[in-house]
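# Close look at the chain arrangement
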Amino acid sequence: MAYAITQTCCNDASCVSVCPVNCIHPTPDEPDFGTTEMLYVDPQTCIDCGACADACPVDAIFPVDRLTGPDRAYTELNQQYYEARPADNAWAEPHFPRSVPHDAGALRIAVVGTGPAAGYTAQSLLRAVGAEVTLIDRLPVPGGLIRHGVAPDHQPTKRIADTFTGLYRHPRLRMHLNVEVGRDVTHAEIAAHHHAVIYAVGAMSDRTLDIPGEDTAGSIAASEFVGWYNADPTVPASAVDLSAERVVVVGNGNVALDVARILVSDPEELARTDIADHALEALRASKVREVVLLGRRGPEQAAYTRPEFLALQHLQGVTVVVDDHPGVRDAIADADSSSKAALLSGLAIETTDLAAPPSGERRIVLRFFCSVTELTGDGRVESVRVVRNTVSVRDGIPHAERSVEEGTISATLVVRSIGSRGAPVAGLPFDAVTATVPNRAGRVTDVGSDSPWPATYVVGWAKRGPSGGIGANRTCAAETVGALMDDAADGLLPVPTGTRRDFARLVRRRQPQAVGLREVLAVDRAERANGLASGRPRVKFATFSELRRAGRRFR
């Protein structure tokens, strides 16, 4: 009986390396790796050995005969990938581990950030390079988007954090958290104490709609909403008001689906997760009954992935409907069985009156071919002005073009979920067009130049833009670490003028509340203990003061 990969696939390809018959694709050596929604098991080649399931860090791989309920759809999804793929499972070229020449000496590398890109980078530096690693992060807890971005009802996905947590105890790794580059230490000071600096700072700002009323109360960015329910200490408990009966989410990507799902999920189901206590309390008292997801293009161009959409359809007590917008019925009827539009074929298509109050049932409304032009209200959002779009294809790329004014949608909470954008990093160049740190294969360069900055590198979304899931950072990190290793072999890395101990003293002097390994472990133990007492994976501390108090307990 073959295995199948399911919704929680992280794409980090741990399963690929252990498969004895090369039946999991795309592999990191294939052109479409990092572009597909997930990895897929070939049911014709799989020998049912289970090695992939044992290696999977997020428990996403199961025998197909064990899949039940909504997970059964993944048997077909895995098959469909191979029906459209040439029957060629030839072994790729062998790859052998690289190493830094012995005469290069022990390297000391600083990694700024503690999210998945930083985790994979540190893992590679410790295991393949034998380097000493210093992790620096502006927050007092590690994890980045694994802790503060993954939705609480996706607990299996969060398990990949355990892979990185084991690194923190490594004897060659040091941590300096609650330390911000540019505020507490400069890039030049970090570089003076390390052979190289790698930035893994993600895409920390949000794209904007650039419409009137966008900054009105009741209009918030998706990153703020996600941070609110994930106990990000930079987002206050009062950031989200759920007194509205209808919420409009602008966008229909995976984050937009996360927001919609959390808003209408049964709070008692969420009470089994690590959702922030203040968010759980607010959701229990929430008046939200309807969430409207606005997509500017059609069903076929929806930004969500198939696995995330399938998870949306099986919420207990929640109806998912498609707004009967012009063009929607034809798009669904004409869809190929493997297309995104075909996912909607089993849903009700209804004419919805979004100017009137929502009905009593909990539901999610998908409206396509729709753009927002203005948020209106007296001191707070009261309605959303929209236009109907048509979609035209230019150079093979579908473009949404505004055509007909459609009136307003009544809503007092609007969540803007149209993507992330990189922000400038103190002391580094910044490409405002791509919103990334300019680089060549991970080597930081000046804007418009191929000349690398000395011993400065970048990885993750800050390197390539906000694309790809958690696992995509593994191959991204491999490229950056490979560039660093080449530079070390060529003698291009400067010798630090300060020691590791000197840097620790500098950090403590600049930021007396810096957090190290012992505090991190103390917070982890306390959160897990609180979770055990209440039947949850963990109960997160949601403020800087709570995190500091928990961290001090190690003493």
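Keep in mind the model is a prediction, meaning the values are calculated, not measured. (Residues numbered from 1 in each chain as written. Predicted model: local features only at pLDDT ≥ 70, side-chain atom pairs only at ≥ 80, totals over all residues. Heavy atoms only, no water.)

### A few points about the packing of aromatic side chains
Enumeration according to the criterion identifies six aromatic pairs in this entry. Centroid distance tyrosine 120 to phenylalanine 164: 5.0 Å. Interplanar angle 85 degrees. Geometry classified as edge-to-face. With a gap of 44 residues between them, tyrosine 120 in helix H4 (residues 116-129) and phenylalanine 164 in helix H7 (residues 160-168) connect regions that are remote in the sequence. Exposure class is identical for tyrosine 120 and phenylalanine 164. Each is buried. A centroid spacing of 5.5 Å and a plane angle of 45 degrees characterise the contact between phenylalanine 225 and tryptophan 228, whose relative ring orientation is tilted. Highlighted residues: phenylalanine 225 and tryptophan 228, both in helix H9 (residues 222-229), separated by three residues, approximately one helical turn. Of the two residues, phenylalanine 225 and tryptophan 228, neither departs from the other in class, the shared state being buried. (Phe/Tyr/Trp six-rings, centres within 6.5 Å; stacked < 30°, edge-to-face > 60°. Helix = DSSP H or I, 4+ residues; strand = E, 2+ residues; numbered from the N terminus. Buried < 20%, exposed > 50% of the residue type's maximum accessible area, 1.4 Å probe, protein only.)

### Describing the sheet that holds strand E22 (residues 443-445)
Sheet strands associate in pairs through backbone hydrogen bonding, adopting either a parallel or an antiparallel arrangement. A sheet is described by the order of its strands in space; here seven strands give the open sequence E7-E6-E5-E8-E23-E22-E21, paired in mixed fashion. In this open sheet, the two edge strands, each paired with only one partner strand, are strand E7 (173-177) and strand E21 (439-440). Sitting on the sheet, helix H16 (residues 472-489) touches strand E5 (108-112), strand E8 (196-199), E22 and strand E23 (452-458), and the angle it makes with E23 is about 150 degrees. (Pairing = 2+ DSSP bridges. Contact = heavy atoms within 4.5 Å. Axes fitted to C-alpha atoms, helices over the stretch in contact; angles between N-to-C directions.)

### Some details on unusual backbone geometry
The peptide bond linking histidine 25 to proline 26 adopts the cis configuration, its omega dihedral lying at -5 degrees. Summarising the element assignment, proline 26 is placed in the loop between strand E2 (24-25) and strand E3 (40-41). With phi around 55 degrees, asparagine 22 is a residue other than glycine that occupies positive phi space. Inspection of the secondary structure assignment puts asparagine 22 in the loop between helix H1 (14-18) and E2.

### Looking at the packing of H9 against helix H10 (residues 254-264)
H10 packs onto H9 with a crossing angle of 45 degrees between their chain directions and a minimal axis gap of 10 Å. In this view, H9 runs oblique relative to H10, as classed from their interaxial angle. Two packed elements cross with a definite hand, and for H9 against H10 that hand is left-handed. Where H9 abuts H10, its residues Ala222, Phe225, Val226 and Tyr229 lie against Val255, Asp258, Val259, Ile262 and Leu263. Across the contact of H9 with H10, the residue classes break down as eight nonpolar, no polar and one charged. (Parallel < 35°, antiparallel > 145°, perpendicular 65-115°, else oblique. Left-handed = near helix turned anticlockwise from the far one by under 90°. Nonpolar A, V, L, I, M, F, W, Y, C, P; charged D, E, K, R; others polar.)

### Considering the nonpolar core
Formed by 118 residues in total, the largest nonpolar core has its most connected members in Ile24, Ile364 and Leu366. Excluding residues that lie within four positions of it along the chain, leucine 366 makes contacts with Leu293, Phe309, Val320, Val321, Val322, Asp323, Leu344 and Leu347. Counting 19 residues, the second-largest nonpolar core is a separate cluster that includes Ile136, Val179, Ala462 and Val507. (Core = buried A, V, L, I, M, F, W, Y, C linked by side-chain atoms within 4.5 Å.)

### A word on the pattern of salt bridges
According to the stated counting rule, one finds 35 salt bridges in the structure shown. Note that glutamate 350 is salt-bridged to arginine 363, the shortest N-O span being 3.4 Å. With glutamate 350 in strand E14 (residues 348-350) and arginine 363 in strand E15 (residues 362-367), the pair connects residues that are 13 residues apart, well separated along the chain. Overall, glutamate 350 belongs to the partly exposed group, its relative accessible area being 32%. Exposure remark for arginine 363: the relative accessible area of 10% places this residue in the buried category. The closest approach of N and O atoms between glutamate 479 and lysine 463, which form a salt bridge, is 2.6 Å. Taken together, the positions of glutamate 479 in helix H16 and lysine 463 in helix H15 (residues 461-464) put the pair 16 residues apart, joining distant regions of the chain. Its relative accessible area of 10% is what places lysine 463 among the buried residues. Where salt bridges share partners, they join Arg147, Asp162, Asp524, Glu527, Arg528 and Arg538 into one cluster. (Salt bridge = Lys/Arg side-chain N within 4 Å of Asp/Glu carboxyl O.)

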